[in-house]
Every structure is written in C-alpha cells, then in structure tokens.
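# Topology and contacts: notes
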Amino acid sequence: MNVTIESSGNLLIAYLIGELDHHSVAEIRTKIDNVISYKKPNHLILDFKNVTFMDSSGIGLVMGRYRLMQNHKGSVEIRSVTPQTKKIMELAGLGSIAVINELKER
C-alpha cells in the first residue's frame, strides 16, 4: 500500500509513499475516499514527504480529493513537498485550491 492514513477528530492525514503514477494512484484514491466517506473530516492533509516520483496522476489525485472534500464542506492541505514539486503543483493551479507547504529541512 502506498498510503498510510491517520484520523483524529475532524482531521485526516494521508501519508503518501513511493511513486504516484497511473498504476498506484487508483488504489490510493480508493483508500483515501473510503476513509473520507466514513469519517467525514473537515480537513485533509496530503503528506508528500515520502513521495519519490509523481506524474500528472498525482495532480489528479489532489484535485479529486479536493472535490470530494468540497462535497463534505472540508479543506485540503498539501504538506512536505519539494520545491520542484511545489512549483509543478502551483503551475497546475493547485495553489488556488489548497495550501501547499514545502518540506522542512531537518
């Protein structure tokens, strides 16, 4: 599984792991969507700290979770992305639908 999910109150955190491509995103999407539908959180954090590769399927994953959270009157935050990934996300327009936070140095 390429995602670990934590839930606490109205917060859901999805820790994405490995490669986000066409082959892996479908399973990740299903798991996140099932937990959102069951828990109905107000805020979803997508944590990219352990993502090693992302193609356009990763952008689609974020956009779809944004739409689902909007249906539940919730919000999305994208966390721990590299500066390069943040730039790609902003160019794709994700900065207008979610807060994007870069990976903090250790």
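Note: the structure precedes this text.
Below, the structure is looked at part by part. (Residues numbered from 1 in each chain as written. Predicted model: local features only at pLDDT ≥ 70, side-chain atom pairs only at ≥ 80, totals over all residues. Heavy atoms only, no water.)

Below, the discussion takes up the pattern of salt bridges. With the rule as written, the count across this model stands at four salt bridges. Two residues, Asp47 and Arg79, come together in a salt bridge whose shortest N-O distance is 3.0 Å. Of this pair, Asp47 sits in strand 3 (residues 43-54) while Arg79 sits in strand 4 (residues 75-81), and the two are 32 residues apart along the sequence. Under the relative-accessibility criterion, Asp47 is labelled buried at 5%. Salt bridges sharing partners connect three or more residues here, namely Lys86, Glu90 and Glu102. (Salt bridge = Lys/Arg side-chain N within 4 Å of Asp/Glu carboxyl O. Helix = DSSP H or I, 4+ residues; strand = E, 2+ residues; numbered from the N terminus. Buried < 20%, exposed > 50% of the residue type's maximum accessible area, 1.4 Å probe, protein only.)

Among the seven residues that make up strand 4, five are buried, leaving the element largely enclosed by the rest of the structure. Relative to strand 4, strand 3 is paired through five bridges, and the arrangement is parallel. Pairing of His43 across the sheet is with Ser75, part of strand 4. In the classification by handedness, the crossover that spans strand 3, the intervening helix 2 (residues 56-71) and the parallel strand 4 is right-handed. Bridge analysis of strand 4 against strand 5 (residues 99-102) gives three bridges, and the strand direction is parallel. Within strand 5, the residue paired with Glu77 across the bridge is Val99. Traced from strand 4 through helix 3 (residues 83-91) to strand 5, the parallel crossover comes out right-handed. (Pairing = 2+ DSSP bridges. Right-handed = clockwise from strand over helix to strand, strands pointing away.)

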